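Here is what each chain is made of, one letter per residue.
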Amino acid sequence: MKILVTGGMGYIGSHTCVELLNDGYEIVVIDDFSNSKPEVEDKIKTITGKDFKFYEGDIKNRKLLNKIFEENKIDAVMHFAGYKAVGESVKKPLMYYDNNLNTTLTLLDVMKEHGCNKFIFSSSATVYGKPHTLPILEDFPLSTTNPYGTTKLMIEMILKDLFIADNDLNITILRYFNPIGAHESGLIGENPNDIPNNLMPYIVKVATGEYECLSVFGNDYDTHDGTGVRDYIHVVDLAKGHIKALENMNGLKYYNLGTGNGFSVLDLVNTFEKVNNVKVNYKIAPRREGDIDACYADASLAKKELGWETTKTIEDMCKDAYNFVIKNK
Ligand code: WQD
């Protein structure tokens, strides 16, 4: 099978490319490097010893997409490409709606023209908004509180309507919880171009001395230690979930990809310090607008229907995240 991976040079996309190649799939990658780096291509090839075709460009470029589908018989598409910074989306909603929606609409239209009917979409637990109870199940109510999350929800709704119109389609929507960590080789990992919005990349930059101190956004949440609780999942476990999804496509399906365990900000800081034998300076700061107290998955549906479950621990995530940055300093 030949898989088109959009955003395949990005954090989650690149780790999924590695797992696809390791499992014998042929891949074709398109990326515009808006949130990734060209050297990732060679790193994927080094890790796997496999070659693949790469096209640089914007998925809104219909001419380029048609060229890709004319030059390659694409059996399925994994769609990772999209802007994903919550804070930035609040400041620049039009940029997010234009990019995330129009890339997807163009991609789906070109897929239809070329008879490609297998689509795996990178969604996010953010579509659940503030859950009424925990753990979160796939049939929980959906709501969003920022343009980034709303683009994910809108695309899920578009995909549902697409399936209603043509139920020969196979569409799998994967709702990620909080991906962290890196491939054990230390060759690929999370390497944001600008100041990290997310917790783990910020912790790493404090541990390496690039930043002075971590601000812990609030310690008065309704959690065991007052700091925000999230379901951190190793990016390699997440990538493997995509392979299982590809192998079990069956109409329109939704799956949580999380560990089912919640860890607080201070749990993560303390674990990171312990496994890496480093100090992470932090201070308690005011809550961040839009954050919720706690969020973690019920991942039993993915286990039951995809035969997938996570294997890596929070310690593995902290060790691999740090190893990547040290190896690439
Ligand atoms: C985690 C916890 C913060 C930074 C977002 C998106 C989600 C996905 C993952 C894209 C929270 C706290 C954070 C810091 C802190 N993104 N924190 N200091 O907000 O759960 O999810 O990123 O797919 O869609 O919504 O992740 O890493 O930003 O925050 O205290 O400097 O860490 O308050 O409790 P979040 P996060």
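Everything that follows concerns the structure shown earlier in this document.
Residues numbered from 1 in each chain as written. Predicted model: local features only at pLDDT ≥ 70, side-chain atom pairs only at ≥ 80, totals over all residues. Heavy atoms only, no water.

Across all of its chains, the model carries one cavity of 30 Å³ or more by this definition. Here the largest cavity is characterised by a volume of approximately 40 Å³. Every residue along the wall of the largest cavity is listed here: His79, Ala81, Gly82, Asn100, Thr104, Phe121, Lys152 and Ile155. Among the elements of the structure, helix 5 (93–113) and helix 6 (147–165) are those that each provide at least two residues to the lining of the largest cavity. When grouped by side-chain class, the residues that make up the lining of the largest cavity number three nonpolar, four polar and one charged. (1 Å grid on protein atoms, 1.4 Å probe; cavity = no way out; pocket = protein on both sides within 12 Å on 5 of 7 lines; lining within 4 Å. Points joined across faces, edges and corners; volume = space filled by probe spheres on them. Helix = DSSP H or I, 4+ residues; strand = E, 2+ residues; numbered from the N terminus. Nonpolar A, V, L, I, M, F, W, Y, C, P; charged D, E, K, R; others polar.)

Glancing now at unusual backbone geometry. Omega for the bond connecting Leu134 with Pro135 falls within 30 degrees of zero, at 0 degrees, which places this linkage in the cis form. Among the structural elements, Pro135 can be located in the loop between strand 5 (118–124) and helix 6. Not every positive phi belongs to a glycine, and Asn277 is a case in point at roughly 55 degrees. Within the secondary structure, Asn277 sits in the loop between helix 9 (265–276) and strand 13 (282–285).

No statement about biological role is implied by the geometric values presented.
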